[in-house]
Structures are given as C-alpha cells and as structure tokens.
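Examining the three-dimensional arrangement
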Amino acid sequence: MMKRSSVSDNLEPGNGPKSYSCLACRQRKVKCDRCTPCSNCVKAEKQCSFIPPVRGKRKRTKPPREGLHAKLQRYEELLKSYGVKFEPSGDFDASGSETASQSDVQVDEDAAPPSQRSNLEETKPRLIIDKGTSRYFDCAPWSSLGNGLHHPEVGEPTDESNIQDSGLFFEPEQIDKPKSLSNFHLSLQMLPKLKEIYLDRVDPMIKILHFPTFWTAATDGLRDHQSMPTDLEAVIFAFYLATISTLGEDECQHLFGVRKSVMYSRYRLAARQALTNAGFLSTSSPTTLRAYALFTACVRASYKCDTLFVLSGVAIRLARKMGLHRDSSALGLSPFETEMRRRLWWHLAYVDFRLAEVLGTKPSLDLSCCDNQMPLNVEDEDLYPDMVNPPLERHCITTTTPSLIKYEVMESLRKFSTLCPGELRWEALSCADITIMEKDSIISHIEDRLEMKYLRYCDPSDSLHTFVSVMIRTSICKMKLLAHNPRQFANNPIKVPQSERNIFFVNAMKLLDYVIFMQEGSHGLEKYTWHFGTSVLWNVILYVLIEVRHRKTGPDVDKAWRLIGTVFSYYPQVFERSTGPVYTALGKWTLEVWDDHVAALKADGVPEPLAPDYINAINRCRRPAIESPSTAKVRAVESQSAIQETSDQDRVQSPSNEGNVDDGGALDFYDFPSLLSFEMDPNEWVQWEQLVAEQGGFSQGNSM
C-alpha cells in the first residue's frame, strides 16, 4: 500500500491545506488532498469549492474508556445473543474496579439490551480489501470487530492435508499431477500469438479479465516464475487453457507441434494444479476466482454436468464471501474495481443459471440477494485502475456486448416469475398465471429494447456483430417458443389452437436455421462455435417432430426434414448404435414420424419418396433386422460417419460420453414413449428433460 504523503510540509502556513474536504469530493465520497483547488477537481476540470461541512449537534460526549472486563462482558453478551454457548470466564469479578458501568454499554439515554443493539449493528455491512483480497461481512458482530477478527471456527487449517482440500472438488485424472509448473509456462515469444487468439475468440465470450492490466502483470510475472504470486499464476494457466480450447487441430499442430487433445489435457491438469496451489476453495482473491471461472468455462466437454453444477455453486459462494453480489459503487470502491467486480459476478450468475436450467433445477438463491448493477457496454481501453469517474457507455457493438445480451435475457425472465420473484428459469415463460397476450407483450418489449440497444448497430460484415445478431434472435425465438409451448396443452381438454401450433413451429424452424448457420461457420462464426450450446437443440428437434407428425405433408414439412437432416449431420452420435439415450430417442422418433409422412403421401396418391441418407443411416442402427434397399447409400453414409468418428478421436473424451457408450446396450431394452404421449401426459416432458440433463447437454457450450 502507498504511504500517505504530507503536503503541508511543502506549503507556507498561510496556504496550508484545509481541515476539511471540498464539496465535490465529499459528494463523491473520495479522498481529497484539501489543496486549493484539489487534484481531483483539477483532473475532472470542475470548480473546487471549500464549504465547511455542517455537523449535527453531539448528543453525548465521548464515554469513558472502556475497561478490559467491561469489553469482555460486552463481547460475551453479543455472542450469547447469536446462540453461541460457552462457559463464562472464571476470573471475571463483577465487583472489581473494572466492572461495566452504565456508561460502558449504553448508546444513548434509552439504552437497548445487547440483543437489540446487535440488531442495530446488523444494518452495517462491511467490505474489507487488503493486499488483493476481498472479504465481505453482512452481519454483526463480525462486521464490527475489526479487520483481523473472525468467528472462532474460522482459522487456518490444522493439518497439512487440509491445505490441499481444493483438489477434492476436481474429478480424478489418469495423469499424475505435475510436481512443478515452471516447465509448463509458454515462452514469451509464443505469448503474442496466444494473446491475439484469446482476444479474438475468448474475450468476447467470457468478459471477466481486464486484458491490458492482466497482460502487463502476466508478462512481468513470467520473467521470474519463482516469485510469481499464486493467484496470478492460476489466471495465467487459465488463460493458456482457454486459448488452447478454441484451437483447431491444424492450428494446434502448427503452433505447438502436438495434437490438440495432448495440449488440452496437459494444460487442463496444469491449470487445476495452479488453482490448487492458490487455494481456490478458501480464497478471498478475486484474481483466483477469475482463474477458477475461466477454468470451469473451458472444461465443459470434460466434466459431467452435475460436477459443473457443484463447481458453479462453489464459485457463487466464494463470490458472496468477497461481496461481489453487492454493487461496489455503494461500497465506496473505485470505478475500475466496481466494473471488474460487476463483470465477474454477472458471469458467475449466468453460468449457474444455465447449469440449473439444463439439470432442471432452480439456480442458487444467492442470485436473488444481488443488488449489483450490470456491467457497462465499454471496451477495456475505456477502463484503467486510476480512473476517477465511471466511463461513458458506448452506443455500438463492443466485446462486452455478447455477455450483456446474456445477462439482459436472464434478467428479463424475472418479469415472468410471478409466483417466486427470485426464481430465474426459462420455464417461467410457460407459467399459466400469465396470459398469452401478456407474455407476447413482454417479449415484444424485450425485443424492442434489444433492437434499440444492439441490433441497429450490427454490421453484417463483422463476425462479432453477426454473432450478436444471432444471439439476440435465437433468444427471442426461444422465448416465443416457450411462451407458446405445446407442453401447456398436455392433458388439457382444450384442443391446441392452430395459431399456437404455427407460432411454435415457425420459431422452432428458425432456431434450427440458426443452429445450422452457426455450425457452418460462415461469416467468420467458426471461431465462436467452441462456446455454442446444444442443451436447447434437442427440445427444438422434439418440437419440430411433434408438429411434423401433426401436419404430415406440405412444403413446411419438407423443409423441416431438410433441416433435421442437416442438424443431425453435425452430431454423428445419432447414427451410432451404442450412443446416449437422447440420441437413441430422437432416432426412434424420427423414424416413426418419417413412416407417418410416407403413409400420408401414399394415402394422397403421391409416390413413395426416396428416403434421405440420414433416415437410412438411423434405420440401419435402430432397426438392424431390417435391411435398407439402398445398401450403397447406407455404406456411403457409414463411410462418412467413420471419417467423422476418426476426426472426433482427436477430441478429449468426457466422462459423460464414455458412460453413454457403455450404457448403449441397455438402451435397446428401454421402451421410449411415442410422440403422441407428449400431447397427452405432461409427465413425459419432465422425464424427457431429465434424460437431456443426465446426458449433460451443457457440456458442449452455453450460448444457446
């Protein structure tokens, strides 16, 4: 920490500093050097006025100094009021000279009992920042006892093994952990290339680092590995891992000369060890928490969804402990610290919200305790640690915009949560307490706001702008799809109106179009596909199949079959005999609906259509007893799938995927329901969502 400098030594007695701060600094609650004019007003180019503060009349003079026994008795009474049971000190003598007098404990003439006085202190939360750590106290007495005092149960680990407790929250690796991380650091000559890749592919998707500040600290720290702080080393290895996660196989071979799966496994393990060295599980360092957040964003394909949900809960609790859920501007922090803490909290909140959605549960209740404002739509160059005033928001697309869109969509769901205001779930859109007209009105309002704030600034020639446009439009389609979800008519005597069917069918088809648009990687979008999610995709396919079964024929049905085939081509697991339950069920339902489609064409006197290659491929693995008449085409599809499987071998296999292969044989004996049951029984939707959650639909991304 910087030492306070005394300006009075260099000034004459008549021109010395004021005994009070200027009016502008008092209003902004910042430190004033009390010169005329002060440095803050000079920097802000504002008029500096020294107006004496008006202080209220003191009600009581300072009480006598509290004695040791009186202070001990007061602390014991506070602890008793919070239910702490202990034996009173044996050497306490109530008749001694240091017995607590009335003036020792009372606050005013109407002195309250200890329990009530502790309630008064509860209204004074406190944030303590010291040497890069952040500790937040919500309630008394710990918020009022000083920087170094904690609950008696809070302390240092008493056993050496407890220091490594952070490793318990990671799934076991087949490779032994590295003894030293020094050999894993990349050369300074390699860093500029990694920086370029990170800023282009990772930074717009996960906006939690202030890259100029991080880059300066990282390059300085890498010149001396041995003296590098553990929290800085953790975030550097998370930076390595994030950059490697976005590389293609050819890029990885060109940069490092090894396969991507090798580099990814190596630096995933190194990043884990760096987090363990930093003691992430008990950290009070926002830098370590950023490293942890970046790490968990890069291991979605390696960890089970259930594990990620637990890891997300750890991040939320660490953030609460650091006070990130409270808006830092109200805690007296600088504009730079305020903005960086906002970015980190909102990222963690969104990840927890998405994971809870996939698993079919509610997000952490900690999210409802937040009063933190959203980050500003600014670039990193608009922020610097010594800034005095908050930056002005940009009215354009920035690298922060993709994150802001996710946060705005998440917050918009609160408008639909009438039964539980703290509940943040997409299912709130299907709430029966809100009429369809009210839902459409709210969605239209959200769409107009996103149009005015972001869409009108999108330039189709810029890949980031195109991605922002896709994000907004997919979010609106998803809202409309859930608001008009056919699930709400299950087991309902009211027949589904055709207008409702048209709305959810059109929006489901649009979502499939956007999925294909992203997977094709045109317009430079391939660099963002590593962050693209599929948890919603399988529900959309189910919606389309239900409606195609209802319509049977027509131009829209033909288009739906083309879209389904194109989407399946990006997920060859559908064509594998031993695969996950979601792929097995979708393959079975696709064949059922195709058979209904062919039968309807025959009934209309239309010749039987030639089955698409993907139908033949699914038919081959789901109905092995039936040989397809077009053997050549099936072999061609199988050859193409084999090529795809060969390329997929370079990917790191996740535990969830391995489990799906092992369980594939048992799936042949599982009786999946027919699509008709989804229109009759609402429980079928619940079971389907559980099936998607068990397969770990979040593991492939979180943007959709």
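Model, not experiment: these values are computed from the prediction. Every chain is numbered independently, its residues counted from 1 as its sequence is written. Given that the model is predicted, a residue must reach a pLDDT of at least 70 before its local features are reported, and side-chain atom pairs must reach 80 or more before they are shown or counted; all residues, however, enter totals for whole chains, interfaces and linings. To get the side-chain values, take all heavy atoms of the structure and skip hydrogens and water.

**Brief notes about the packing of helix H19 (residues 555-569) against helix H20 (residues 581-603)**
Interaxial angles span 0 to 180 degrees and are taken between N-to-C directions of axes, which are lines fitted to C-alpha atoms, for helices over the stretch in contact. Counting from the N terminus, the helices are DSSP H or I runs at least four residues long and the strands are E runs at least two residues long. Closest axis-to-axis distance for the H19/H20 pair is 13 Å, and the angle between their directions is 155 degrees. Comparing the axis directions of H19 and H20 gives the class roughly antiparallel. For H19 against H20, the interelement crossing comes out left-handed. For the pair H19 and H20, the contacting residues are Val 557, Asp 558, Trp 561 and Phe 568 in the first and Leu 586, Thr 590, Val 593, Trp 594 and His 597 in the second. Residue composition of the contact of H19 with H20, grouped by class: 6 nonpolar, 2 polar and 1 charged. To sort the angles, those under 35 degrees are grouped as roughly parallel, those over 145 as roughly antiparallel, those from 65 to 115 as roughly perpendicular, and the leftovers as oblique. Crossing handedness: left-handed means the near helix sits turned counterclockwise from the far one by under a right angle, and right-handed means the same turn made clockwise. Contact definition: two residues touch when any of their heavy atoms are within 4.5 Å. Three categories are distinguished: nonpolar for Ala, Val, Leu, Ile, Met, Phe, Trp, Tyr, Cys and Pro, charged for Asp, Glu, Lys and Arg, and polar for the others, with Gly belonging to the last.

**Overview of the environment of Val 548**
Residue position: Val 548 is located in helix H18 (residues 537-551). Buried means the residue's accessible area, taken with a 1.4 Å probe over protein chains only, is under 20% of the maximum for its type, while exposed means over 50%, and partly exposed covers the values in between. Residue Val 548 is classed as buried on the basis of its relative accessible area, which comes to 1%. Taking the C-alpha atoms as reference, Val 548 lies 8.2 Å from His 597; in sequence the two are 49 residues apart.

**Looking at the UniProt feature "domain: Zn(2)-C6 fungal-type" (unreviewed entry) in the protein**
Mapped onto this numbering, the UniProt entry annotates "domain: Zn(2)-C6 fungal-type" (unreviewed entry) at residues 21-50. The distance separating the terminal C-alpha atoms of residues 21-50 is 7 Å; by composition the span is 40% helix and 0% strand. UniProt positions are given in the numbering used here, feature names are shortened, and annotations may be inferred rather than shown by experiment.

**Digging into the side chain of Thr 401**
Within the element layout of this structure, Thr 401 appears in helix H14 (residues 401-412). Overall, Thr 401 belongs to the buried group, its relative accessible area being 0%. Filtering out sequence-adjacent residues up to four positions away, Thr 401 remains in contact with Asn 377, Cys 396, Tyr 454 and Val 468.

**Overview of unusual backbone geometry**
A cis amide bond, omega -5 degrees, links Thr 36 with the succeeding residue Pro 37. Inspection of the secondary structure assignment puts Pro 37 in the loop between helix H1 (23-28) and helix H2 (39-44). Located in the positive-phi region is Glu 45, a residue other than glycine, with phi close to 55 degrees. With respect to the helices and strands, Glu 45 occurs in the loop between H2 and helix H3 (68-81). Residue classification places Glu 45 among the exposed residues on the basis of a relative accessible area of 75%. If you check the backbone angles, His 523 has positive phi at about 60 degrees while not being a glycine. Along the chain, His 523 falls in the loop between helix H17 (498-520) and H18.

**Observations concerning helix H21 (residues 613-622)**
Counting buried positions over the 10 residues of H21 gives 8, a clear majority of the element. Restricting attention to buried positions, one finds in H21 the residues Tyr 614, Ile 615, Asn 616, Ala 617, Ile 618, Asn 619, Cys 621 and Arg 622.

**Concerning the packing of aromatic side chains**
Classification of ring pairs rests on two measures: the distance between centres of Phe, Tyr or Trp rings, Trp counted by its six-membered ring, which must be within 6.5 Å, and the angle between planes, read as stacked under 30 degrees, edge-to-face over 60 and tilted in between. Inspection of the entire model under this criterion finds 23 aromatic pairs. Aromatic pair Tyr 198 and Phe 211: ring centres 5.4 Å apart, planes at 25 degrees, arrangement stacked. One end of the pair, Tyr 198, is in helix H6 (residues 191-202); the other, Phe 211, is in helix H7 (residues 211-222), with 13 residues separating them in the sequence. Across the pair, Phe 211 and Tyr 198 agree in class, each one buried. Note on Phe 280 and Tyr 292: the rings are 4.8 Å apart at their centroids and 20 degrees apart in plane angle, and the pair reads as stacked. In this pair, Phe 280 is assigned in the loop between helix H10 (260-277) and helix H11 (286-298) and Tyr 292 in helix H11, connecting sequence segments 12 residues apart. The rings of Phe 184, Tyr 198, Phe 211, Phe 214, Trp 215, Phe 237, Phe 239, Tyr 240 and Tyr 267 are connected pair by pair, giving a single aromatic cluster.

**Thoughts on the side chain of His 210**
Residue placement: His 210 occurs in the loop between H6 and H7. Side-chain polar atoms of His 210 contact the side chain of Thr 213, separated by 2.6 Å. Looking at His 210, its side chain comes within polar contact range of the main-chain oxygen of Leu 383, at 3.0 Å. For the purposes of these results, a polar contact is taken to be a pair of N or O atoms within 3.5 Å, where, inside protein, one atom must be able to donate a hydrogen and its partner to accept one; residues adjacent in sequence count only when each atom of the pair is a side-chain atom.

**Details of the pattern of salt bridges**
Working definition: two side chains of opposite charge can pair if their charged atoms are close together. By convention in these notes, a salt bridge is any Lys or Arg side-chain nitrogen within 4 Å of a carboxyl oxygen on Asp or Glu. According to the stated counting rule, one finds 20 salt bridges in the structure shown. Between Asp 203 and Lys 207 there is a salt bridge, with the nearest N and O atoms lying 2.6 Å from each other. Pair check on accessibility: Asp 203 and Lys 207 agree, each one buried. With its nearest N and O atoms 3.8 Å apart, the salt bridge here joins Lys 480 to Glu 447. Of this pair, Lys 480 sits in helix H16 (residues 463-483) while Glu 447 sits in helix H15 (residues 436-453), placing them 33 residues apart in sequence. With a relative accessible area of 27%, Lys 480 lands in the partly exposed category. Through salt bridges with shared partners, a single network forms among Asp 203, Lys 207, Arg 343 and Asp 380.

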